[in-house]
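Observations on chain architecture
In case you want the letters, here they are:
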Amino acid sequence: MKIRNIILPLTGIAAVSCSNVEESRPNIIYVFPDQFRISSLAFWDSPEYEGAVNWKADPVHTPNLDGFADEALVLNSAVSTCPLSSPHRGMLLTGMYPERNGVTLNCMALRPESTLRPEATCISDVLDQAGYFCGYIGKLHAETPMKNNPDNPGHFVSDRTPEWDAYTPPERRHGFRYWYSYGTFDVHKNPHYWDTDGIRHDPHEYSVKHETDRAIAFLRNENGERDAGKPFFLMLAYNPPHSPYESLEDCMEEDFNLYKDMDYRSLYVRDNADTTLTKAPSARYYFANVTGVDREFGRLLAELERLGLDKNTIVIFTSDHGETMCSQGTYDPKNSIYTESYCVPFMIRYPGKIRHRIDSTMLSTTDIMPTLLGMAGLYDRIPDSVEGHDLSPVFLEDGRECTVPDATLYIRNLDGKKNPDGTVHGIFPGARGIRTDRYTMEISITRDYCIDRVMIFDDWNDPYQMRNIPYGENPELFRELCGILDRKLEESNDIWYRENILEKLLEDLNSTIQ
Ligand code: CA
């Protein structure tokens, strides 16, 4: 059965950018598991790809993602600007930096100020206006938990203290007309969701499978999930391979079986991994979830093809940030500039429009929204509020002009002042940094705005970032990188720029790096 009809522009506005006969708009499927690191893709060690990165692939089983990569544009230098769940999602949805979109910190009840501004224009607002039907499945985690439990008005969605999870009522869904989502909740085999009508579902099965079933139903339009007369935009936000990853409670046994007989230490191939950390045995469960995501993503792609929708659908696979998994001796999986946390997989398949290749464009999180709109031919509709850049001309090779970034900004914000009741007011902008095509630099500060630490890594010669180059050892390099950071801070109107934080730090340092 052929479900897809020829899509005609539904409004006059949709057609104004093109003088020729309007082609039907592509569907867009955006799949982003949580905490899926770039090296957890087996293809990086295969002949075509191994020269594109200078680190080893994790010993993972990802046959579907490997096959997808062979049909996609594969980025090796995409980053998560603020590699933490909520700030990433705020930037992804709006193309704006955290201070403007409102999501400055990981959303939870004690951080009421960190929430997606209701008036911020999201990609789904734009696509809805442009005649798309938008659906969201899975983890949202972009707004503060509110006392809006639909089953129990005036109460949070659960009795957890502090509450992290959230229900999103229809008026805050930003153009998503199909809804099957939650805020954040980390029990992979007992997930829950609120649907379009606000009804809660507790399916008692592996969340990645369940959400893929829902996505397949959306593609098939099994229960009238979408308006079949419109192109669709579907965001599919899996939670795994996010923690917990400690037992068979957290993953599927069939996936774990691929790794269970391996000494967990043999799963660590990065020179900077410390397998003495108590977290180290987790790798088998983390990789099992990587494989679980791979299997379900493959099932989604197969259904897309079976329905004949694959040719006119842009499919993206990425993640909100990476996972350190015992690298750099840290237990914190994210929120750092280390490659394992900051760099993310990013693959785009658009048959006939984007040719398969490996591309080193340094894509930042704020670039994703305008670039998706550009790929859909809607570059005239990119809102003025967007602060990232439409890089679609690079990917489409369509001859339009486009400035290719020479570096990416890194942001780490921490809680600001705490009120007596424990709620957080404001942010403390703990660190800023950049990554160029060769170097990574991060400057972190103490609470009294002095230098805490400077880290500089030569990613060409030190792919596992094991030698921090002291800034006094190569002052010219340090000044050059600070110059790029200063420009990036200004471009993004960052608090470090507005309050002259970098400038003051460099004045203090000047005497020490003559
Ligand atoms: Ca996350």
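Source: prediction; values computed, not measured. (Residues numbered from 1 in each chain as written. Predicted model: local features only at pLDDT ≥ 70, side-chain atom pairs only at ≥ 80, totals over all residues. Heavy atoms only, no water.)

In the structure shown here, the tally under the stated rule is 39 salt bridges. One salt bridge in this structure joins D34 and R89, with 2.8 Å as the shortest N-O distance. Within this pair, whereas D34 is found in the loop between β1 (27-31) and α2 (63-69), its partner R89 is found in helix α3 (residues 85-94), the two being separated by 55 residues in sequence. Neither residue differs from the other here; D34 and R89 are each classed as buried. K209 is the partner of D213 in a salt bridge, and the nearest nitrogen-oxygen pair spans 2.8 Å. Of this pair, D213 and K209 both sit in helix α6 (residues 207-220), four residues apart, which is roughly one turn of that helix. A network of salt bridges, in which partner residues are shared, links E205, K209, D213, E254, D255, R295, E296 and R299. (Salt bridge = Lys/Arg side-chain N within 4 Å of Asp/Glu carboxyl O. Helix = DSSP H or I, 4+ residues; strand = E, 2+ residues; numbered from the N terminus. Buried < 20%, exposed > 50% of the residue type's maximum accessible area, 1.4 Å probe, protein only.)

Another aspect to go through is helix α12 (residues 475-491). Here α12 contains 17 residues, and its C-alpha end-to-end distance of 24 Å stays within 8% of the 24 Å for a straight helix at 1.5 Å per residue. Among all positions of α12, only P475, L477, F478, L481, C482, I484, L485, K488 and L489 are buried. On its buried face, α12 sits against β11 (407-418), β12 (424-436), β13 (439-445), β14 (451-458), α13 (495-498) and α14 (501-510). Following α12 by one or two positions, N493 adopts a phi angle in the positive range, close to 50°. (Expected span 1.5 Å × (residues − 1). Contact = heavy atoms within 4.5 Å.)

The next subject is the domain arrangement of the protein chain. Under the domain assignment used here, the protein chain contains domain 1 (24-396) and domain 2 (408-509). Computed over C-alpha atoms, the centres of domain 1 and domain 2 are 27 Å apart. Each side of the interface is counted separately: domain 1 has 32 residues, and domain 2 has 37 residues. Regarding the contact of domain 1 and domain 2, the summed buried area is about 2900 Å², with carbon and sulfur atoms giving 54% of it. Along the contact surface separating domain 1 from domain 2 lie two salt bridges. Close ionic contact of R111 with D415 constitutes a salt bridge, the shortest N to O distance being 2.8 Å. At three residues, the largest contribution of residues to the side of domain 1 that touches domain 2 is made by helix α4 (residues 98-101). Tallied by class, residues from the side of domain 1 that touches domain 2 come to 15 nonpolar, nine polar and eight charged. (Domains from an automatic or database assignment. Buried area = accessible area lost by both parts, 1.4 Å probe. Nonpolar A, V, L, I, M, F, W, Y, C, P; charged D, E, K, R; others polar.)

With that settled, the discussion passes to the nonpolar core. Judged by nonpolar contacts, the single largest core of 72 residues is most densely connected at W44, F317 and M347. Among the elements that make up this core, the one with the highest residue count is helix α8 (residues 283-306) (11 residues). Two domains share this core, each providing at least three of its residues, namely domain 1 (24-396) and domain 2 (408-509). Setting aside chain neighbours within four positions, we find M347 in contact with L41, F43, L65, F68, A69, A72, L73, V74, V315, I316 and F317. If you look at the next biggest cluster of nonpolar residues, it comprises 46 residues, including L73, L93, Y132 and C134. (Core = buried A, V, L, I, M, F, W, Y, C linked by side-chain atoms within 4.5 Å.)

Turning our attention to the packing of aromatic side chains. According to the stated counting rule, one finds 26 aromatic pairs in the structure shown. Geometrically, the ring pair formed by F256 and Y285 is stacked, given 4.5 Å between the ring centres and 10° between the ring planes. Here F256 is found in helix α7 (residues 253-256), whereas its partner Y285 is found in helix α8, with 29 residues between them in sequence. The same class applies to F256 and to Y285, which are both buried. Three or more aromatic residues joined by ring pairs make a cluster, and in this case those are F36, F68, F297 and F317. (Phe/Tyr/Trp six-rings, centres within 6.5 Å; stacked < 30°, edge-to-face > 60°.)

The coordination sphere of the calcium ion, as far as protein atoms go, consists of D34 (OD), D34 (OD), D320 (OD) and H321 (NE2), spread over 2.2 to 2.7 Å. In primary-sequence terms, the residues that donate to the calcium ion follow D-x285-D-H. In this pair, D34 sits in the loop between β1 and α2 while H321 sits in the loop between β8 (313-318) and α9 (339-342), placing the two residues 287 residues apart along the sequence. We classify D34 as buried; its relative accessible area is 0%. (Donors = N, O, S within 2.8 Å, 3.2 Å for Na, K, Ca; no water.)

On to the state of the cysteines, then. This structure, assessed with the given rule, holds zero disulfides. Not engaged in a disulfide, the cysteine C122 finds its nearest cysteine sulfur in C134; these two sulfurs lie 10 Å apart. C482 forms no disulfide, and the closest cysteine sulfur to it belongs to C450, at a distance of 16 Å. (Disulfide = S-S within 2.5 Å.)

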